Amino acid sequence: MRIWDLPPNCLCRQHLLGEHRELHAIWAVLTQGRKGYSRHPETLRWKGKLKALYKRHQVLVKEMSARGYSHHSDLNLKLASGRAVQNDFVDSKLKQMEILKNKKCLCQV
C-alpha cells in the first residue's frame, strides 16, 4: 500500500497503475468507512487530507491519459474535504526514490 509523493511522469506503468488502484482503496476506507487497511500508515497519513488525495488522483489520471490509458473511476469531489496539501510522509521523497531504484523497474528516478 503506497501513494508515492513523486511526480507521476517518473513512475513506470506498474507503479503508476498500482498507485491509482491503491489510492482508490484508501479513498474508500476514508470516505466509506471500509475496514481494510484502515490502520495502515499510508492510509492514516491521508486522514483529514482528502482534498490532497483528490488532487493526487487528478495528476495520476492526467498522466494515465497522457500514456493512452482510459480512466473510468472518478472520485466524488464533494467528499474532497480537509487539507489540500500532503506534507506528512511515511518515507521521505529521497527514500522513495531509493526504494524505486532498488526495485529495478522502469521508473525514471
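Residues numbered from 1 in each chain as written. Predicted model: local features only at pLDDT ≥ 70, side-chain atom pairs only at ≥ 80, totals over all residues. Heavy atoms only, no water.

(A) Unusual backbone geometry, seen in detail. Even without a glycine there, the phi angle at Tyr 37 is positive, about 65°. Locating Tyr 37 in the fold gives a position in the loop between helix H1 (13–32) and helix H2 (41–44). Here Tyr 37 falls in the exposed class, since its relative accessible area comes to 52%. (Helix = DSSP H or I, 4+ residues; strand = E, 2+ residues; numbered from the N terminus. Buried < 20%, exposed > 50% of the residue type's maximum accessible area, 1.4 Å probe, protein only.)

(B) Just the state of the cysteines, in detail. Under the defined criterion, the tally for this structure stands at zero disulfides. With no disulfide of its own, Cys 12 lies 3.6 Å from the sulfur of Cys 107, the closest cysteine sulfur. For Cys 107, which is in no disulfide, the shortest distance to another cysteine sulfur is to Cys 105 and amounts to 3.4 Å. Under the relative-accessibility criterion, Cys 107 is labelled buried at 11%. (Disulfide = S-S within 2.5 Å.)

(C) The arrangement of H1 in detail. Spanning 20 residues, H1 covers 28 Å between terminal C-alpha atoms, matching the ideal 28 Å at 1.5 Å per step. For H1, the complete set of buried residues consists of His 15, Leu 16, Gly 18, Glu 19, His 20, Leu 23, Ile 26, Trp 27, Ala 28 and Val 29. Where H1 is buried, its residues meet H2, helix H3 (50–66) and helix H4 (93–103). Where H1 terminates, the next one or two residues include Gly 33, which has phi positive at roughly 70°. (Expected span 1.5 Å × (residues − 1). Contact = heavy atoms within 4.5 Å.)

(D) Summary view of the packing of aromatic side chains. Under the counting rule described, the total for this entry stands at one aromatic pair. With 6.4 Å between their ring centres and 50° between their planes, Trp 27 and Tyr 54 make a pair best called tilted. Of this pair, Trp 27 sits in helix H1 while Tyr 54 is found in helix H3, placing the two residues 27 residues apart along the sequence. The residue whose ring lies beneath Arg 2 is Trp 4, and the NZ or CZ to ring-centre distance is 4.6 Å. (Phe/Tyr/Trp six-rings, centres within 6.5 Å; stacked < 30°, edge-to-face > 60°. Lys NZ or Arg CZ within 6 Å of the ring centre and 35° of its normal.)

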